Amino acid sequence: MGVLKKIYQTILYIYCQIIIFYCCAHPYLTINDNYVLPFLLIGIVLLSFYKIIYKSKAGKNNFLIYILLFCICLSIIYNDFNDIVVYFRLVFSILFSILVISTLNFKKIAFHFIKIMNIVCVVSIFGYIFINLLGLIELPTFININNSTYGNGFIYFYIEGIKNRNCGIFWEPGVFATFVLFDLILNYILFNNKFKYNIIILLITMITINSSAGYLLSVFYLFLLIYNRIRDKKDTFNTLVKFLFIPLVIVALYVFYYSISLGNLSNNQFFAKLQYDNFMTSYRIKALSFNFDVLKDNILFGCGINEYYSIAPKLLCPDTSTSTLFLALFGIFGSLYTIIIICNFFKIKKISIIEKIILLVIILSIVNKEPHLNMAFSWMLILGINLGDKNKNESY
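All of these numbers come straight from a predicted model, not from anything done at the bench.

### Brief notes about helix α18 (residues 376-384)
Burial of α18 is extensive: nine of the nine residues sit out of reach of the surface. Along α18, the positions that sit buried rather than exposed are A376, F377, S378, W379, M380, L381, I382, L383 and G384.

Written out as structure tokens, the structure is:
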């Protein structure tokens, strides 16, 4: 590899991490997110030049992503042709991710993401201890556009009023939980749990985040680890466990739920959200209902972004359910978003069908608990998760 090519490639890999950690979920986004579009556009230009100059062919994107882009363009023409600016961030996020997957080694991006997340989590654990347990630090503050007050440690943040929920370097604890789960998923699929100490740090971090969905999905991840240990064993006992694994998981989840209902955990507001009555009346369930109502009235092309946010109840936050959000925005063609996720996860090699199903439950839960419409890293993961064997001889 030539020196100039290596320097150019290194710049691109660093740039991807900037997009992931600064342009996807940083607290400063809640003050002003106008810089995200230029960052994405510059990334698209840099990746395009690299691809043209060096004829790079890293991974092949699922053709359905191009159909989804075409359908988004149809929706723009049908709904919002006179005000298309609101679509730029979505389209740029998708284009940037397509170019990343087809130009660079996604496994290498994931490797550096895991290493950086390890540092982020360790720093956040110390910050959480110093602020919440020892009371040794008070951080300077800033107020965002929603009048939420953040403690600003530059490499550690908290939201006033919920200091007991670890934000790390992210704008909200739930997003931190999402990135922790992304880390666990990438480690499991692309590196076969190679980074074992990272798993311990990530799960400790998840405890400090106090995320209901994070807790539940971490339990699913622990089921994956158990199955991974017995997957290749041929003795009678492990064969029986594999055969009964799904029923055993269902029983274990029921026991977990029953323990919450009867035990002291029901007094914990984060575990209490997992109880059936609380869950069925939660904002996320109401968001599903709202999005399906919008879809029924706009079945073919959806209602478009401008119309959607003009009618969406702000307190409901219906855009947290990304799968149904796509349906509401782009009609039946919006189902391609979820179909792409399912297809790419079932294309993953070297893992069993049971593992794929559990991983799908985790990833579909993730994208339907937080807004992922414009999150470039979410698009990268969805498009690149099945490309672990590509460029496998490249060093990290």
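### Points about the nonpolar core
In this structure, F96, F113, M117, F170, F179, L186 and F345 are the most contacted members of the largest nonpolar core, which totals 111 residues. At 14 residues, the largest contribution of residues to this core is made by helix α6 (residues 173-191). Ignoring any residue separated from it by four or fewer positions in sequence, one finds F179 in contact with I20, C24, A25, F113, M117, F170, M375 and F377.

### Quick notes on the sheet that holds strand β1 (residues 141-143)
Sheets are built from strands paired through backbone hydrogen bonds, the pairs being either parallel or antiparallel. With respect to topology, three strands assemble into an open sheet ordered β1-β2-β3, the strand pairing being antiparallel. This sheet does not close on itself; its edge strands, each paired only once, are β1 and β3 (157-159). Adjacent strand axes in the sheet meet at a mean angle of 30 degrees when their direction is disregarded. Bridge analysis of strand β2 (residues 149-152) against β3 gives three bridges, and the strand direction is antiparallel. Bridge pairing in β3 places N152 opposite F157.

### Here we look at the pattern of salt bridges
In this structure the tally under the stated criterion is two salt bridges. The salt bridge partner of D293 is K296, with a shortest N-O separation of 3.5 Å. Remark: K296 and D293 occur in helix α13 (residues 283-297); sequence separation between them is three residues, near one turn of the helix. The partner of K369 in a salt bridge is E370, and the shortest N-O contact between them spans 3.5 Å. Judged by relative accessible area, K369 falls into the buried class, the value being 3%.

### Considering the side chain of T322
For T322, the position within the fold is in helix α15 (residues 322-330). Judged by its relative accessible area of 0%, T322 is buried. One polar contact links the side chain of T322 to the main-chain carbonyl oxygen of E370, over a distance of 3.2 Å. Among all residues touching T322, those that are not within four sequence positions of it are Y337, V367, N368, E370, P371, H372 and L373.

### Examining helix α1 (residues 3-22)
Taking 1.5 Å per residue, 20 residues should reach 28 Å; α1 reaches 28 Å between its end C-alpha atoms and fits that length. Here α1 has its buried residues at Y8, Q9, L12, Y13, Y15, C16, Q17, I19, I20 and F21. Along its buried surface, α1 packs onto α2 (36-54), α4 (88-103), α5 (106-133), α6 and α18.

### Looking at unusual backbone geometry
You will see that N192, though not glycine, has its phi angle at about 50 degrees, which is positive. Structurally, N192 can be placed in the loop between α6 and α7 (196-209). Of note in the backbone geometry, N193 takes a positive phi value of approximately 60 degrees without being a glycine. On the secondary structure map, N193 appears in the loop between α6 and α7. Using a relative accessible area of 5% as the deciding quantity, one classes N193 as buried.

Conventions we followed
- Residues numbered from 1 in each chain as written.
- Predicted model: local features only at pLDDT ≥ 70, side-chain atom pairs only at ≥ 80, totals over all residues.
- Heavy atoms only, no water.
- Buried < 20%, exposed > 50% of the residue type's maximum accessible area, 1.4 Å probe, protein only.
- Helix = DSSP H or I, 4+ residues; strand = E, 2+ residues; numbered from the N terminus.
- Core = buried A, V, L, I, M, F, W, Y, C linked by side-chain atoms within 4.5 Å.
- Contact = heavy atoms within 4.5 Å.
- Pairing = 2+ DSSP bridges.
- Axes fitted to C-alpha atoms, helices over the stretch in contact; angles between N-to-C directions.
- Salt bridge = Lys/Arg side-chain N within 4 Å of Asp/Glu carboxyl O.
- Polar contact = N/O pair within 3.5 Å; in protein donor to acceptor, adjacent residues only side chain to side chain.
- Expected span 1.5 Å × (residues − 1).

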